[in-house]
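Summary of the model geometry
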Amino acid sequence: MLTVDLHPIFRNNRDIELALRQAIFKAALSGETTMEIIPGKGSGKLKKRVLAFLNQPHIKKLYERFETDPTNDGRVIVHLKS
């Protein structure tokens, strides 16, 4: 499972978008079935940004569904298309 930890770049919007984009395309091309995004718990702004990214139409084509980890609210699991 590919993991993207957004803690180190949480203040830079351009870096966040780039990291998410690179990770999801890398995971899709490599045949990964799941991907983990860690926005952290915090205030929830970064998680909202991650969910908005995942809801973009051209990104939605790459995955089947996503969910927040029931045991850790600061983690998003993306189930990629096979």
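See above for the structure.
To start, this report covers the structure provided alongside it.

Conventions used here
- Every chain's residues receive numbers from 1 upward, in the order its sequence appears when written.
- Only residues with pLDDT of at least 70 get local features here, since the model is predicted, and only at 80 or more are side-chain atom pairs given and counted; chain-wide, interface and lining totals rely on the full set of residues.
- Note: side-chain values were computed over all heavy atoms of the structure, leaving out hydrogens and water.
- Elements are defined by DSSP. Helices are runs of H or I of four residues or more, strands are runs of E of two residues or more, and each kind is numbered from the N terminus.
- Radius of gyration means the value over C-alpha atoms here, while the globule rule gives 2.2 Å times the residue count to the 0.38 power.
- Exposed residues in this analysis have more than 50% of their type's maximum accessible area, buried residues have under 20%, and partly exposed residues fall in between, with area computed by a 1.4 Å probe over protein chains only.
- Working rule for contacts: check all heavy atoms of both residues, and any pair within 4.5 Å makes them a contact.
- Here the nonpolar core consists of buried residues drawn from Ala, Val, Leu, Ile, Met, Phe, Trp, Tyr and Cys, with membership extended through side-chain atoms lying within 4.5 Å.
- Using protein atoms alone on a 1 Å grid, points that fit a 1.4 Å probe yet trap it form a cavity, whereas open point sets bounded by protein on both sides within 12 Å along at least five of seven lines form a pocket; residues with an atom within 4 Å of a point count as lining.
- Grid points are joined across faces, edges and corners, and a volume is the space filled by probe spheres set on the points.
- Nonpolar residues are Ala, Val, Leu, Ile, Met, Phe, Trp, Tyr, Cys and Pro. Charged residues are Asp, Glu, Lys and Arg, and all others, Gly as well, are polar.
- DSSP calls a pair of strands paired once it identifies at least 2 bridges connecting them.
- Axes here mean lines fitted to C-alpha atoms, for a helix over just the part in contact, with angles spanning 0 to 180 degrees between N-to-C directions.

Structural notes on the overall build of the protein chain
Within the protein chain, the secondary structure is distributed over three helices and four strands. In sequence order, the secondary structure elements of the protein chain are arranged as β-α-β-α-α-β-β. For a compact globule of 82 residues, the expected C-alpha radius of gyration is about 12 Å, and the protein chain comes in at 12 Å, within 12% of that figure. Over its C-alpha atoms, taken along the principal directions, the protein chain stretches across nearly 35 × 30 × 20 Å. Buried positions account for 35% of the 82 residues belonging to the protein chain. In the protein chain, the proportion of contacts linking residues at least 24 apart, taken out of those at least 6 apart, comes to 60%.

Let's talk about the nonpolar core
Core analysis: the biggest nonpolar cluster contains 20 residues, and Leu6, Ile24, Met35, Ile37, Leu54 and Val78 have the highest contact counts within it. For this core, the elements supplying multiple residues, two or more each, are helix H1 (13–30), strand S2 (34–38), helix H2 (45–54) and strand S4 (72–80). Counting residues per element, this core draws most heavily on H1, which supplies six residues. Those residues in contact with methionine 35 that sit more than four places away from it in its chain are Met1, Leu2, Val4, Ala23, Ile24, Ala27, Val76, Ile77, Val78 and Leu80.

Remarks on the layout of surface pockets
Volume-wise, the largest pocket comes out at about 210 Å³. Residue lining of the largest pocket: 14 residues in total, with Phe10, Pro39, Ser43, Lys45 and Leu46 positioned closest to the centre. A total of four residues in the lining of the largest pocket trace back to one element, the largest contributor, which is H2. Across the lining of the largest pocket, the residue classes break down as four nonpolar, six polar and four charged.

Brief notes about the sheet that holds strand S3 (residues 63–69)
Read across the open sheet, the four strands follow the order S1-S2-S4-S3; overall the sheet is mixed. Looking at which strands have only one partner, the edges of the open sheet turn out to be strand S1 (2–5) and S3. When the angles between neighbouring strand axes are averaged without regard to direction, this sheet yields 20°.

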